[in-house]
Amino acid sequence: MAFASHNSKNGLHASRLDRPLSVNSMKSLASSPTALTPTSTRPKSAAPGSSSVQRRNGTGAQKSGKDDSGVSGRVRVAVRLRPRNAEELAADADFADCVELLPELKRLKLRKNNWDCETYQFDEVLTETASQKRVYEVVAKPVVESVLEGYNGTVMAYGQTGTGKTFTLGRLGEEDCADRGIMVRAMEDILADISPEHDTLTVSYLQLYMETVQDLLAPERDNIAIVEDPKTGDVSLPGTTLVELKDQKSFLELLQTGEANRFASNTKLNTESSRSHALLLVNVKRSAKNKQEKDFVIHNENGNSVHVSKGHRVPTIRKSKLLIVDLAGSERVDKSGSEGHQLEEAKAINLSLTSLGKCINALAENSPHVPTRDSKLTRLLRDSFGGTARTSLIITIGPSPRHRGETSSTILFGQRAMKVENMVKLKEEFDYKSLCRRLEAELDKLIADNERQAQAIFDGEEDMERKLEEAGTRVAEAESKVAAALEVISKEKQRQQKELVEMMQNLQIERAHRERLELELRENVQDLQDKKKKQIYAENEKHQKEIRDILEQHQQEIKDVQTRLANECGQRERLEKELHEANICLQQSKEILEPENIHKEELSDLKQMLEKECELRQQAERELDAFKREEKKLTNGITEKNDIGEIWVLKKRLEQELLEREKLEDEIKSLKQQLLQVHVDAEERSRTIGKGSSARSSGGSNSTISLHTPSNMKDTINGQRATIAKLFEQVGLQKILSLLESEDVDVRVHAVKVVANLAAEAEVNQEKIVEAGGLGSLLTLLQSSEDETIRRVAAGAIANLAMNETNQELIMAQGGIGLLARTADDAEDPQTLRMVAGAIANLCGNDKLQIKLREEGGIRALLGMVRSRHADVLAQVARGIANFAKCESRGAAQGYRTGRSLLIEDGALPWIVANANNEASSIRRHIELALCHLAQHEVNAKDVVSGGALWELIRISRECSREDIRSLAQRTLNASPTFQAELRRLHVTY
């Protein structure tokens, strides 16, 4: 039932087809060959409240012959709660909200007092945190989709002034695109769906102010008349401005122009209170594709039947309109403080809203009379409530208990609106003008084609006669030429047969000669191969003997160097012993009359011995350098002589000798420092002996510095969890995160520990921490804090968050890898380095972040942390390298990763080789896995061989305790052509 009490007709008027909505339209279309023949049958029943129109899954308009009564569709009502504003937060701080939302049950509770409340059911319940996108999808998007299918639709906002109606509908989103309202989002979907070549989109923007319809796009048109069609009852506004749209930018400019011309004023309830009802009217005209394959019959204006073939079917167009209504807010004069002209505006607004409420009450109660003519607003909305449009209503309410009466009135309005039933109909029209133009063009084309074909036939007959005469002449000439050619061909055939016999004889002679030459060639090649093998074998024996002699010589020289180093170590021990005795003598020198001369003699002896030891050390260094150069020359000289294994052992021994030399240098430096300290003490004693016993006592005593380390208590994990959970429930995550910015260092320490423990307990805690901005706070704390404990715990919390792939991308996006790298460079505490290495190791396991991780210094930071030499730090570094190498191997296998390994380019291979056989299993296991993954990619094979990693790979394939890593190493060695060639060259059996 519509606002207007007009009678709907069962037949089709002129060329327009009114079709009811049905989900079985495609089936009816396929089963009914005369689907476009208008008939008068009853429509199929539809469930009340079914209002969604599915466009893309095949359910559309009913194509079979039905009457125009349509399908019943209830008005859908959603309620949206506005959050408290600054005034309400101050005035109602001691009072609870007057409403309670239950969005999961789609219910709303309105409190009467502290112990009693009323419950209401709605189609959708949107909380104060609901986004503009969600509001659009649940309220307006189904209506927009129906409009694109050819149905009329209405989206309307109703509520008290200041509750967010204009924000919900007309927000442009210039500052924040997420704040775009229903008008902007609806136009985006419509423009994305229509075709600019075949469809037409026009827009009008109006306001109903003081019971006058005014054009917001042309303010001079301030009293537009409302015209009703006496036949159909449709309402139109012929005096409005129609703007044809092509893009979203022009629509935004249109909205800005209309909003600038709309009446608004400042009241006690709203600083920008709308004083008029705004109506955005969007008209969509689309071409409908006819899917009938057979001929069909239509009726013209005279009632006669017209037979139309499928080749000349009448084009069908669909006209629909979308009406978006931003109602002015209802208000009480005693609360809004309206006076003078504002009071007159408020009266007009309340009068029109009262008329709308009366109409909805009449429709909800199925009253025989609907007072639609009481107000221009109800006349404009006659198709939206009880008409043929699909209507969606959003009511906006506020939480303040001071406005409970207005809130209750708004809720009751929505409840009554939910009882209104609309008869949704699809209206299609035949486009006879387009068909006539197309038929005239086809007729002209056919006439021209007919004339051209007649002329072509006449010309073709004349040309055919001429060609027949010429063909007869050419046939006679060809017959004579063929006879002559046959004679020539016969003679040529006889000659070729004779030449073929001669060629066959010559070919047999040449074949016998070639076989004899091939036999001689094979005999000569076999003799040459035998001689070459003998020569190569003799040369190999000679080279191997030379290599053994050189190796024995070098081994003897190394033994001599080791003997000299042992002697130097013994001499160093003797010097230390003498130094100790010198210290004892210094203590006794306090009681001797002439201690200074004795001590100086001992010091001179110690200096001579130290200088001698330094000379010996330098000589040992020169010999070791000479051995190293000879070893390098020897290695270069025998690269092609099949004995690399023994040279590798010699290289290992030389490296051990270098390590021992470094240790000896450290001991010598320590001895120099001790000697210098003795010399300083002796001079000081000599200066103070003559000054008296008190001065001697003061000069001879050494001040003692006690280093007190605060004993940090280790709270147990189980005890902390209970405390942290209780603190989390009572205080809240946001408050805990705010404590990270406290000026008190102890408060920050405890807060970051709580966040770290929460991140370590469950993944849901990690999601809450990230959503509340905790990740950014931790990164800021890691960057700005100078306290080592805070940095260590913050790095640990980031490492826990980095176990989630989504969090890894957020960490990289916020510059987290750069902060971790700088922390790794600055920190010296092993535990801090362990936490930082763990975080980077987790990031190394993400395939998408490898390039960025390397560019921002992640690999460099990992390799830099090995300076700590702490087992836990090295284990995390090894794990990160293993994760990175695994991702690179996976990328190479899938084809999107090419080129050398980034780890090799950043110089990680020497450290990997040096630690591949580390004593710590946690380090060794990761390094072995990383080396296997690096070796899997053939482009890295040469680097693996040149870096000495091939021998470690062979050891892993034989000795690794883990079966999976051992199998992986074996497969890698067998699959790589480079490794196989190197093993064959070295005569290594694998």
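Structural notes on the overall build of the protein chain
No. 1: Along the protein chain, the regular secondary structure elements total 33 helices and 21 strands.
No. 2: Per-residue burial for the protein chain yields a buried fraction of 43% across its 990 residues.
No. 3: If you take every contact in the protein chain between residues at least 6 apart in sequence, the share linking residues at least 24 apart comes to 74%.
No. 4: Summed over all atoms, the accessible surface of the protein chain reaches about 54900 Å², with 50% contributed by carbon and sulfur.

Digging into the pattern of salt bridges
No. 1: Applying the stated criterion across every chain yields a total of 38 salt bridges.
No. 2: Here Asp 463 makes a salt bridge to Arg 466, at a shortest N to O gap of 2.1 Å. Within this pair, Asp 463 and its partner Arg 466 are both found in helix H11 (residues 432-588), separated by three residues, close to a single helical turn.
No. 3: Asp 463 gets classed as partly exposed once you look at its relative accessible area, which sits at 24%.
No. 4: Judged by its relative accessible area of 42%, Arg 466 falls in the partly exposed class.
No. 5: Salt-bridge contacts for Glu 470 lead to Arg 474; the nearest nitrogen and oxygen are separated by 3.7 Å. Pair noted here: Glu 470 and Arg 474 are both in helix H11, with a separation of four residues, about one helical turn.

A short note on the packing of helix H19 (residues 774-784) against helix H20 (residues 788-801)
When two helices pack together, their arrangement is given by the angle between the helix axes and the distance between those axes.
No. 1: For the pair H19 and H20, the least separation of the axes is 9 Å and the interaxial angle reads 145°. Where H19 crosses over H20, the two elements pack in a sense that is left-handed. Each of Leu 775, Leu 778, Leu 779, Leu 781 and Leu 782 in H19 lies in contact with H20, whose residues at this interface are Ile 790, Arg 791, Ala 794, Ala 795, Ala 797, Ile 798 and Leu 801.

Brief notes about the environment of Thr 354
No. 1: Here Thr 354 is to be found in helix H8 (residues 341-364).
No. 2: Separated by 24 residues in the primary sequence, Thr 354 and Thr 378 place their C-alpha atoms 10.0 Å from one another.

Quick notes on helix H17 (residues 745-761)
Since the α-helix turns once every 3.6 residues, residues separated by three or four places project in the same direction.
No. 1: In this model, H17 (17 residues) spans 25 Å end to end at C-alpha, consistent with the 24 Å of a helix rising 1.5 Å per residue.
No. 2: Burial in H17 covers these residues: Arg 748, Val 749, Ala 751, Val 752, Val 754, Val 755, Ala 756, Leu 758 and Ala 759.

Examining the nonpolar core
No. 1: If you look at the biggest cluster of nonpolar residues, it comprises 90 residues, and the most contacted ones within it are Leu 778, Ile 840, Met 865, Val 877 and Trp 911.
No. 2: It is helix H26 (residues 871-894) that contributes the most residues to this core, nine residues altogether.
No. 3: Ignoring anything within four residues of it in the chain, the contact list for Leu 778 reads Leu 740, Val 752, Val 755, Ala 794, Ala 797, Ile 798 and Leu 801.
No. 4: If you look at the next biggest cluster of nonpolar residues, it comprises 46 residues, including Cys 98, Leu 110, Leu 237 and Leu 363.

Focus: a negative patch on the surface
No. 1: A cluster of acidic residues, Asp 459, Glu 461, Glu 462, Glu 465 and Glu 469, forms a negative patch at the surface.
No. 2: By secondary structure assignment, the location of Glu 469 is in helix H11.

Description of the sheet that holds strand S4 (residues 99-102)
No. 1: Pairing is antiparallel across the open sheet formed by three strands, whose spatial order is S4-S5-S6. Edge positions in the sheet fall to S4 and strand S6 (117-121), since each of these pairs with one other strand and no more. This sheet shows a mean twist of 20° between the axes of neighbouring strands, independent of strand direction.
No. 2: When S4 meets strand S5 (residues 107-111), the two strands line up antiparallel, connected through four bridges. Pairing of Leu 101 across the sheet is with Leu 108, part of S5.
No. 3: Running at roughly 150° to S5, helix H10 (residues 404-417) makes contact with S4, S5 and S6 of the sheet.

What about a nonpolar patch on the surface?
No. 1: Taken together, the side chains of Val 482, Leu 486 and Ile 489 define a hydrophobic patch exposed on the protein surface, amounting to about 300 Å² of accessible area.
No. 2: Assignment of secondary structure puts Val 482 in helix H11.

Brief notes about the pairing of strand S20 (residues 390-397)
No. 1: Among the eight residues in S20, eight count as buried, and that is most of the element.
No. 2: Of the two faces of S20, both are covered, the one formed by Arg 390, Ser 392, Ile 394 and Thr 396 as well as the one formed by Thr 391, Leu 393, Ile 395 and Ile 397.
No. 3: With six bridges joining them, strand S3 (residues 76-81) and S20 adopt parallel strand pairing. Within S20, the residue paired with Arg 76 across the bridge is Ser 392.
No. 4: Pairing of strand S8 (residues 153-159) with S20 involves seven bridges; the strand directions are parallel. Bridged to Tyr 158 within S20 is Ile 395.

Thoughts on the packing of aromatic side chains
Any two aromatic rings considered together are summarised by their centre-to-centre distance and by the angle between their planes.
No. 1: This structure, assessed with the given rule, holds two aromatic pairs.
No. 2: For the pair Tyr 158 and Phe 413, a centre-to-centre distance of 3.8 Å together with 15° between the ring planes defines the contact as stacked. Placement of Tyr 158 in strand S8 and of Phe 413 in helix H10 is noted, with a sequence separation of 255 residues between them. As far as the burial class goes, Tyr 158 and Phe 413 line up, both buried.
No. 3: Their ring planes at 10° and their centres at 3.9 Å tell us that Tyr 209 and Phe 263 sit as a pair that is stacked.

Notes on the side chain of Arg 955
No. 1: Mapped onto the elements, Arg 955 comes out in helix H31 (residues 949-959).
No. 2: Under the relative-accessibility criterion, Arg 955 is labelled buried at 13%.
No. 3: A polar atom in the side chain of Arg 955 sits 2.9 Å from the side chain of Glu 952.
No. 4: In this view, Arg 955 contacts Ala 916, Asn 917, Glu 928 and Cys 960; residues no more than four positions away in its chain are not counted.

Examining the confidence of the model for the protein chain
No. 1: Mean pLDDT for the protein chain: 76, with 74% of residues reaching 70 or above.
No. 2: Counted against residues more than four places away or in other chains, residues 1-68, with its pLDDT under 50, gives 154 contacts.

Some words on the environment of Tyr 151
No. 1: Along the chain, Tyr 151 turns up in the loop between helix H3 (132-149) and S8.
No. 2: Expressed as a C-alpha distance, the spacing of Tyr 151 and Lys 319, which sit 168 residues apart in the sequence, is 7.8 Å.

Comments concerning unusual backbone geometry
No. 1: Phi is positive for Met 210, which is not a glycine, with a value near 55°.
No. 2: By the element assignment, Met 210 lies in the loop between strand S9 (200-209) and strand S10 (212-215).
No. 3: For Met 210, a relative accessible area of 32% puts it in the partly exposed group.
No. 4: The phi dihedral of Arg 869 is positive, around 60°, even though this residue is not glycine.

Conventions and cut-offs
Residues numbered from 1 in each chain as written. Predicted model: local features only at pLDDT ≥ 70, side-chain atom pairs only at ≥ 80, totals over all residues. Heavy atoms only, no water. Helix = DSSP H or I, 4+ residues; strand = E, 2+ residues; numbered from the N terminus. Buried < 20%, exposed > 50% of the residue type's maximum accessible area, 1.4 Å probe, protein only. Contact = heavy atoms within 4.5 Å. Areas by Shrake-Rupley, 256 points an atom, 1.4 Å probe, with all protein chains shown as cover. Salt bridge = Lys/Arg side-chain N within 4 Å of Asp/Glu carboxyl O. Axes fitted to C-alpha atoms, helices over the stretch in contact; angles between N-to-C directions. Left-handed = near helix turned anticlockwise from the far one by under 90°. Expected span 1.5 Å × (residues − 1). Core = buried A, V, L, I, M, F, W, Y, C linked by side-chain atoms within 4.5 Å. Patch = residues over 30% accessible without salt bridge, like charges linked within 9 Å, V, L, I, M, F, W, Y side chains within 5 Å. Lys, Arg positive; Asp, Glu negative; His and termini not counted. Charge placed at Lys NZ, Arg CZ, Asp CG, Glu CD. Pairing = 2+ DSSP bridges. Phe/Tyr/Trp six-rings, centres within 6.5 Å; stacked < 30°, edge-to-face > 60°. Polar contact = N/O pair within 3.5 Å; in protein donor to acceptor, adjacent residues only side chain to side chain. pLDDT = per-residue confidence, 0-100.

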